[in-house]
Amino acid sequence: MLQSINHLCGPLLDSLQHVHVSPALGRRALHPTISTSGEARKSAEKTHFFNVPAFLTVSGQLHLEVMAGAFTHVFTFGPTFRAENSQSRRHLAEFYMVEAELSFTESLEDITQVMEDLFKTATNTVLSKCPRDVELFHKYIAPAQKDRLEQMLKKKFVIISYNEAVEILKQASQTFTFKPEWGCDLQTEHEKYLVKHCGEVPVFVINYPYDLKPFYMRDNDEDGPQHTVAAVDLLVPGIGELCGGSLREERLPCLESRLQRLGLVDAYQWYLDLRKFGSVPHGGFGMGFERYLQCILGVDNIKDVIPFPRFSHSCLL
């Protein structure tokens, strides 16, 4: 099984070049590791290798924004780290992510179109170049996944707003563990229900509440209690969230004001300078590689699609 998963990686990455995103950065050469030895920790306490505190990356997005200013459309693929204390079937502390950034875009529809094109182009490439590897999973692991995947590739992805999603959930006959309310994040049970409600095809949820999302997402400039940002999540059958993205806040006064409220101006002065000295409307997204493999292969547990799964309270290798 692991050998088959490994075969899929090359064709999938090659397919990125056929979407509207150019490999200006190529594949990231930086591969940080996790150190668990007591000696390493004591050494780090005494001195900083870079003379300043340094941490494992949670995303390459901010650096991609720098490169997109020069190359317009760029992507990167590399390891990503999240300290989320979760033992679920879809979370890892270390995973790989494809991230893309596009300059000269002022519409979420531009971002969602690239996300849909990426999913369909990558999947068709994998199916054509690695049919036996995919068939192995569809035959022995998830017999119904082949038909589900064909429907995902055939049908147009659905787009709904966060407001619409909350109303759909409130009207559902199903009882949720987490009550759906405007201003609360969508839980996995909500995401899976929305996909089912929309006919078991991938669903884009757009325009999330302002207070739910990070500082770099573009303010929709709405008055009133339902203040939103131009954010988007792609939900897929069986998994829930696969991709997350947004338009970026390119307006210096808006970005500066939010960073001031968060007390982050000094830490992100270089990011403000990107706007101060000239910027363009832009946006981007990230797609979790292991969740993508789960989606196309029908694997239930994310820990089964990566050679050395690392998650909270488990980092043996």
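Residues numbered from 1 in each chain as written. Predicted model: local features only at pLDDT ≥ 70, side-chain atom pairs only at ≥ 80, totals over all residues. Heavy atoms only, no water.

Draft legend 1. Inspection of the overall build of the protein chain at higher detail. Helices and strands together make up the secondary structure of the protein chain, namely 11 helices and seven strands. Evaluated residue by residue, the protein chain yields a buried proportion of 47% over its 317 residues. Contacts in the protein chain between residues far apart in sequence, at least 24 positions, make up 72% of those at least 6 positions apart. (Helix = DSSP H or I, 4+ residues; strand = E, 2+ residues; numbered from the N terminus. Buried < 20%, exposed > 50% of the residue type's maximum accessible area, 1.4 Å probe, protein only. Contact = heavy atoms within 4.5 Å.)

Draft legend 2. Structural view of unusual backbone geometry. In this structure, Asn51 takes a positive phi of about 70 degrees despite not being glycine. Relative to the helices and strands, Asn51 is located in the loop between helix 2 (38–46) and helix 3 (61–71). Within the chain, Glu200 stands out as a residue other than glycine whose phi angle is a positive 60 degrees. Inspection of the secondary structure assignment puts Glu200 in the loop between helix 8 (188–197) and strand 4 (203–209).

Draft legend 3. Spotlight on the nonpolar core. Within the largest apolar cluster, 48 residues are counted, with the highest numbers of intra-cluster contacts made by Met115, Phe119, Leu234, Leu242 and Leu297. No other element matches helix 4 (residues 108–129), which puts eight residues into this core. In this view, Leu297 contacts Ile5, Leu8, Val134, Phe137, His138, Ala142 and Gln145; residues no more than four positions away in its chain are not counted. By size, the runner-up hydrophobic cluster in this structure holds 29 residues, among which are Val166, Ala172, Val195 and Phe215. (Core = buried A, V, L, I, M, F, W, Y, C linked by side-chain atoms within 4.5 Å.)

Draft legend 4. How the structure looks around the sheet that holds strand 7 (residues 282–288). The strand order across the open sheet formed by seven strands is 1-2-7-6-5-4-3, and the pairing between neighbours is mixed. A strand with exactly one partner marks an edge of an open sheet, and here the two such strands are strand 1 (73–81) and strand 3 (158–161). Adjacent strand axes in the sheet meet at a mean angle of 20 degrees, parallel and antiparallel pairs treated alike. Note: strand 1 against strand 2 (residues 94–103), nine bridges, orientation antiparallel. Paired with Val74 across the bridge in strand 2 is Glu101. (Pairing = 2+ DSSP bridges. Axes fitted to C-alpha atoms, helices over the stretch in contact; angles between N-to-C directions.)

Draft legend 5. Geometry of a nonpolar patch on the surface. A cluster of nonpolar residues, Phe49, Phe50 and Val52, forms a patch on the protein surface that exposes about 400 Å² of accessible area. Note on placement: Val52 falls in the loop between helix 2 and helix 3. (Patch = residues over 30% accessible without salt bridge, like charges linked within 9 Å, V, L, I, M, F, W, Y side chains within 5 Å. Areas by Shrake-Rupley, 256 points an atom, 1.4 Å probe, with all protein chains shown as cover. Salt bridge = Lys/Arg side-chain N within 4 Å of Asp/Glu carboxyl O.)

Draft legend 6. Spatial organisation of the side chain of Arg275. Summarising the element assignment, Arg275 is placed in helix 10 (residues 269–276). Among all residues touching Arg275, those that are not within four sequence positions of it are Glu65, Arg248, Glu249, Glu250, Leu252, Leu255 and His282.

Draft legend 7. Representation of the environment of Arg310. When you line up the elements, Arg310 lands in the segment after helix 11 (289–297). The exposure class of Arg310 is buried, given its relative accessible area of 17%. Along the primary structure Arg310 and Ala93 are separated by 217 residues, whereas in three dimensions their C-alpha atoms are 5.6 Å apart. One polar contact links the side chain of Arg310 to the main-chain carbonyl oxygen of Leu317, over a distance of 2.6 Å. (Polar contact = N/O pair within 3.5 Å; in protein donor to acceptor, adjacent residues only side chain to side chain.)

Draft legend 8. Expanded view of helix 5 (residues 131–140). The complete set of buried residues in helix 5 reads Asp133, Val134, Phe137 and His138. Across the axial projection of helix 5, the buried residues extend over an arc of 130 degrees, all falling on one side. In helix 5, the exposed positions that point more than 90 degrees away from the buried face belong to Arg132, Lys139 and Tyr140. (Arc of directions from axis to C-beta.)

Draft legend 9. Molecular detail of the pattern of salt bridges. Taken as a whole and assessed by the stated rule, the structure comprises 12 salt bridges. Ionic pairing is found between Glu65 and Arg275, a salt bridge with its closest N-O pair at 2.9 Å. Highlighted residues: Glu65 in helix 3 and Arg275 in helix 10, separated in sequence by 210 residues. Arg275 carries the same exposure label as Glu65, and that label is buried. A salt bridge links Glu181 to Lys179, with the shortest nitrogen-to-oxygen separation between them at 3.3 Å. Given the relative accessible area of 31%, Glu181 is considered partly exposed. Salt bridges here are not isolated pairs; linked through shared partners, they connect Glu116, Lys120 and Lys156.

Draft legend 10. Representation of the packing of helix 7 (residues 162–170) against helix 8. Two elements in contact, helix 7 and helix 8, have axes whose closest approach is 10 Å; the angle formed by their N-to-C orientations is 90 degrees. Taken together, the axes of helix 7 and helix 8 lie roughly perpendicular to each other. Across the interface between the two elements, Ala165, Ile168 and Leu169 from helix 7 touch His190, Tyr193, Leu194 and His197 from helix 8. Within the contact of helix 7 with helix 8, the residues separate by chemical class into five nonpolar, two polar and no charged. (Parallel < 35°, antiparallel > 145°, perpendicular 65-115°, else oblique. Nonpolar A, V, L, I, M, F, W, Y, C, P; charged D, E, K, R; others polar.)

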